[in-house]
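Residue-level listing of the chains:
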Amino acid sequence: MPSTKSQIAKKAKNIKLLACDVDGVLTRGEIIVLNNEEEIKIWNVKDGLGYHELKRVFPRVKTAWITGRESEQVKKRAENMGIDYLVQNCMSKKSAFDAILEETGFKASETAYIGDDIVDIAVLRSAGLSVCPQDAIEEVKKYADMVSSFKGGEGVVRDVIELILKAKGEWKKVLERYK
């Protein structure tokens, strides 16, 4: 059930870990499979710049991608984006999420998670701030504190990064760089 703007801002201020699904969140959920079985995904540059700025102005926030599929392209993109934790081929996302919390020592209340489908529900229910893209399935929207105005693959992660940086009072540092 969606929270109020002030509740969302309060939760965002405490975030130490931003985790998300890949397909349907960082991408539109479409996969091109070539004859050699290589997968091609299309990434949004706004999300990429968001990760870059998050790491630059507030590097204490850790990042994680937890995905049900496995792809060399995802691995390379995660490395390029400086993602701290990548878990692929994982249908028990809650177990992966819990393992990351165990390693970092963070509390679930200090995390944000973005997911779009039923495999994400357990993590959405556990995260301190749960978000889904505008085009997430209806069942997922029931468990989201916030439904982004952006669709998966069209800037939903950037939307959440901006929310977190604004709540922490760090967004001005991002803007100053580009004035």
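The text that follows walks through the structure, step by step, so that each part is easy to find.

What counts, and at which threshold
Residues numbered from 1 in each chain as written. Predicted model: local features only at pLDDT ≥ 70, side-chain atom pairs only at ≥ 80, totals over all residues. Heavy atoms only, no water. Pairing = 2+ DSSP bridges. Helix = DSSP H or I, 4+ residues; strand = E, 2+ residues; numbered from the N terminus. Contact = heavy atoms within 4.5 Å. Axes fitted to C-alpha atoms, helices over the stretch in contact; angles between N-to-C directions. Phe/Tyr/Trp six-rings, centres within 6.5 Å; stacked < 30°, edge-to-face > 60°. Buried < 20%, exposed > 50% of the residue type's maximum accessible area, 1.4 Å probe, protein only. Lys NZ or Arg CZ within 6 Å of the ring centre and 35° of its normal. Polar contact = N/O pair within 3.5 Å; in protein donor to acceptor, adjacent residues only side chain to side chain.

## Here we look at the sheet that holds strand β7 (residues 129-132)
Part 1 of the argument: One open sheet holds the six strands; their spatial order is β5-β4-β1-β6-β7-β8, and the pairing between them is parallel. Only two strands of the sheet have a single partner each, and these edge strands are β5 (85-87) and β8 (146-147).
Part 2 of the argument: Packed on one face of the sheet, helix α2 (residues 45-57) meets β1 (17-20) and β4 (62-66) and runs near 145° to β4.

## Observations concerning the packing of aromatic side chains
Note on aromatic pairs: each is described by the distance of the centres and the angle between the planes.
Part 1 of the argument: As enumerated under the stated definition, the model contains three aromatic pairs in all.
Part 2 of the argument: Taken together, a centroid distance of 5.7 Å and an interplanar angle of 15° make the contact between W43 and W65 stacked. In this pair, W43 sits in the loop between β3 (39-40) and α2 while W65 sits in strand β4, placing the two residues 22 residues apart along the sequence.
Part 3 of the argument: Taking the centre distance of 6.5 Å and the plane angle of 70° together, the rings of F97 and Y113 count as edge-to-face. One end of the pair, F97, is in helix α4 (residues 93-104); the other, Y113, is in strand β6 (residues 111-114), and 16 residues separate them in sequence. The two residues F97 and Y113 agree in class, both being buried.
Part 4 of the argument: An aromatic cluster is present here, built from W43, Y51 and W65 joined pairwise through their rings.
Part 5 of the argument: A cation over a ring is seen here: R60 above F58, with NZ or CZ 4.4 Å from the ring centre.

## Notes on the environment of G155
Part 1 of the argument: As for its position among the elements, G155 is in the loop between β8 and α7 (156-167).
Part 2 of the argument: Taking the C-alpha atoms as reference points, G155 and R28, 127 residues apart in sequence, are found 10.0 Å from one another.
Part 3 of the argument: Discounting residues that sit within four places of it in the chain, G155 has contacts with N44, D47 and F150.

## Considerations on the side chain of E110
Part 1 of the argument: Position of E110 among the secondary structure elements: in the loop between α4 and β6.
Part 2 of the argument: A relative accessible area of 14% means that E110 is categorised as buried.
Part 3 of the argument: Here K107 takes part through its backbone nitrogen, which lies 2.8 Å from a polar atom of the side chain of E110.
Part 4 of the argument: Not counting residues up to four positions away in its chain, the partners in contact with E110 are N14, I15, K16 and L17.

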